[in-house]
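Reading the structure
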Amino acid sequence: MSPRACLAVFRHELRVLRRDPSTAVFVIVMPLVLAALMQRLFKGTLVAQGVTGATGAEFAVPGMAVSFAAFGIGYAGFAFFRDHGWGTWERLRASQASSLDILVGKVAPAVGLSLIQMVVLFILAVPLFGLSVTGSWPALLVTVFALALCLNAFAVLLTAVARTSQQLTVFASVGGLVLATLGGAFVPVEAMPGWAQAGSPVLPTYWAMQGLLDVVIDGGGLLDVAGPVAALLGFTAVFAGLAAWRFRFDEPKVYWG
Amino acid sequence: MLRVEGLHKSYGRVVALRGVDLEVSPGEIVSLLGPNGAGKSTLVSIVAGLRRPDAGTVFVGGVDALARPKAARSLIGLAPQDLGIYPIVTVRQNLTLFGELAGLRGRELRTRVQEVAEALLLDDLLDRLAGELSGGQKRRLHTAAALVHRPRLLLLDEATAGADVETRAQLVALVRELAGEGSAVLYSTHYLQEVETLGASVVLIDKGSVLARGAVAELVARHGGSVVELRFDGEAPVITRDRPGRQPERDGNLLRIPTAEPGPEIAAAMTAIGAHAARLQSVEVVRANLETAYLAITGRRYKPGEEIERA
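What comes next is a walk through the structure. (Residues numbered from 1 in each chain as written. Chains lettered and ligands numbered in written order. Predicted model: local features only at pLDDT ≥ 70, side-chain atom pairs only at ≥ 80, totals over all residues. Heavy atoms only, no water.)

1. Digging into the sheet that holds strand β6 (residues 76-79) of chain B
Residues and elements named next belong to chain B. Within the open sheet, the six strands sit side by side as β6-β7-β8-β3-β9-β10. Their pairing is mixed. The open sheet is flanked by β6 and β10 (209-215), the only strands paired with a single partner. On average, each strand axis in the sheet is inclined to that of its neighbour by 15 degrees, with strand direction left out of account. Strand direction decides the pairing type here: β6 and strand β7 (residues 153-157), joined by four bridges, are parallel. Across the sheet, residue leucine 78 finds its bridge partner in β7, namely leucine 155. The strands touched by helix α5 (residues 135-147) are β6 and β7; relative to β6, the strand with the most contacts, the crossing angle is about 165 degrees. (Pairing = 2+ DSSP bridges. Helix = DSSP H or I, 4+ residues; strand = E, 2+ residues; numbered from the N terminus. Axes fitted to C-alpha atoms, helices over the stretch in contact; angles between N-to-C directions. Contact = heavy atoms within 4.5 Å.)

Below you can see the structure in the form of structure tokens.
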């Protein structure tokens, strides 16, 4: 792997992102709006669960952070499909950048975007929604970082499987929705039907919610989130392994749009 | 600088290359000439490390490109057949990316971006979005991205396809200049006239095989006598030639008469076709050039856009 070539791809992806910041704006602004709308909805649920002095932000903020990180799994994939559409994919492959350089350089901005989106939401939620993080901020940061890695490894797997941008859109939309809802980010796991509760732990978003709720509500620290973070990193390893097995850099992909 | 030996490549049952051998020396322009589907792009993409051959060897600057593709790629600049630029960033940012990927940085990178932009008349457009350029300007940027790191082997795959006359002339002039500075250039094209302008060595490729190679003048002298073509309404008649030289060839409604003296040949042919003159639609003299050499080598007229059926 060549750090220089990887950095060149990374910087270029940031330039592209700057030219079309609509995705970044969407994933940062929308969770704030939805958290504001849903805060009161969750207040009653949290109070009923014995969370004294709950404002509802204790669930709405982690929930929207995880949900919108999940909704953004298509972003990393489009960084690959765009190059196929613009005819630049073959040029990248013919450059001195290795396949791994290209992959890391393209996915790293997406990981950064997920991270920024979640961290900004948590920080702004303190003054805007009266969110009180009772536990450790470093534990919260470690959890969101593990989630960002995990979701983007899944995004690479979806990209490896999809042959057209249309397929990627469908996979990312359905995948994002399943991850957000069944993972317990939109509705608390306890409020879901039994079958959904049973299936929830097979999704990484479930573990992210467990870790974040532990930090926000139960005063959790780094040790308390070790389990959820380990689960997230385990998912990351599985997704990355499957992506490495399936990804064909010489496979032509079709980009519409 | 480039040595290719015994290159074979098939896509399923379609054979793209059948044992191609090729050499390009530093400072030499080798023009890979052939119609669409002849195997040119497959050959270029294998040399660039984008595809693996089924058999054969590729050495770039003495480096085994199949065993050490990354080392070989550092010597290569590729402008693929299809336009490949980032439309939503500027011309400068496009060139900067490919310079950075080749390991350039700082002042050297900025200088090279400026130089290559000037060489391709893009210097006034450096801060414009690539997507806002005209077709010819985009084509020049596409080629410039392959040159920014001064590659020792330049692979231009149909570099002037779809380009306007001015852009084509600029690119051809630049390629000659680069070769003059010592770069080896493999220039794939289906424009015969361009090959003649480049003064390149020609490798004539058809159906995945190299049919002939040599300087343009050499190929024309060896294969390229003038031809008189008579086109008929319906099947061309059989005529026997009483003048010295090769006998006429029939190809559907075409009758081709190889000759050194087109004028007297036409007069003689008018007599020889007799009553078939009523069906005669046109008479054309194809002067000795690369096109007649192609005709003599392949047995058919050169049609740049034709797709070759491969078995």
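2. Re the nonpolar core
Ranked by size, the top nonpolar core spans 120 residues in total, and within it Phe122 of chain A together with Leu95, Leu101 and Tyr187 of chain B carry the most contacts. Examining the composition of this core, we find that 15 residues originate from one element, helix α7 (residues 137-161) of chain A, more than from any other. Aside from chain neighbours lying at most four places away, what touches phenylalanine 122 of chain A is Val61, Pro62, Ala65, Leu131, Trp137, Leu140, Val144, Leu212 and Val216 of chain A. In this structure, Leu32, Ala38, Leu155 and Ile205 of chain B belong to the second largest nonpolar core, which totals 33 residues. (Core = buried A, V, L, I, M, F, W, Y, C linked by side-chain atoms within 4.5 Å. Buried < 20%, exposed > 50% of the residue type's maximum accessible area, 1.4 Å probe, protein only.)

3. What about the layout of surface pockets?
Here the largest pocket defines a volume of roughly 910 Å³. What lines the largest pocket is a set of 36 residues, among which Glu90 and Arg93 of chain A together with Ser45, Leu50 and Arg51 of chain B lie closest to the centre. If you list the elements that add at least two residues to the lining of the largest pocket, you get α4 (73-86), α5 (89-94) and α6 (99-129) of chain A together with β1 (2-11), α1 (40-47) and α2 (69-73) of chain B. Top contributing element to the lining of the largest pocket by residue count: α1 of chain B, with five residues. Here the lining of the largest pocket is composed, by residue class, of 14 nonpolar, 10 polar and 12 charged. Every residue lining the second largest pocket is counted, 18 residues in all, and those nearest its centre are Thr23, Gly72, Gly74, Tyr75 and Phe78 of chain A. Looking at the lining of the second largest pocket, the elements with two or more residues in it are α1 (3-19), α2 (22-48), α4 and α8 (165-182) of chain A. By residue class, the composition of the lining of the second largest pocket is 10 nonpolar, six polar and two charged. (1 Å grid on protein atoms, 1.4 Å probe; cavity = no way out; pocket = protein on both sides within 12 Å on 5 of 7 lines; lining within 4 Å. Points joined across faces, edges and corners; volume = space filled by probe spheres on them. Nonpolar A, V, L, I, M, F, W, Y, C, P; charged D, E, K, R; others polar.)

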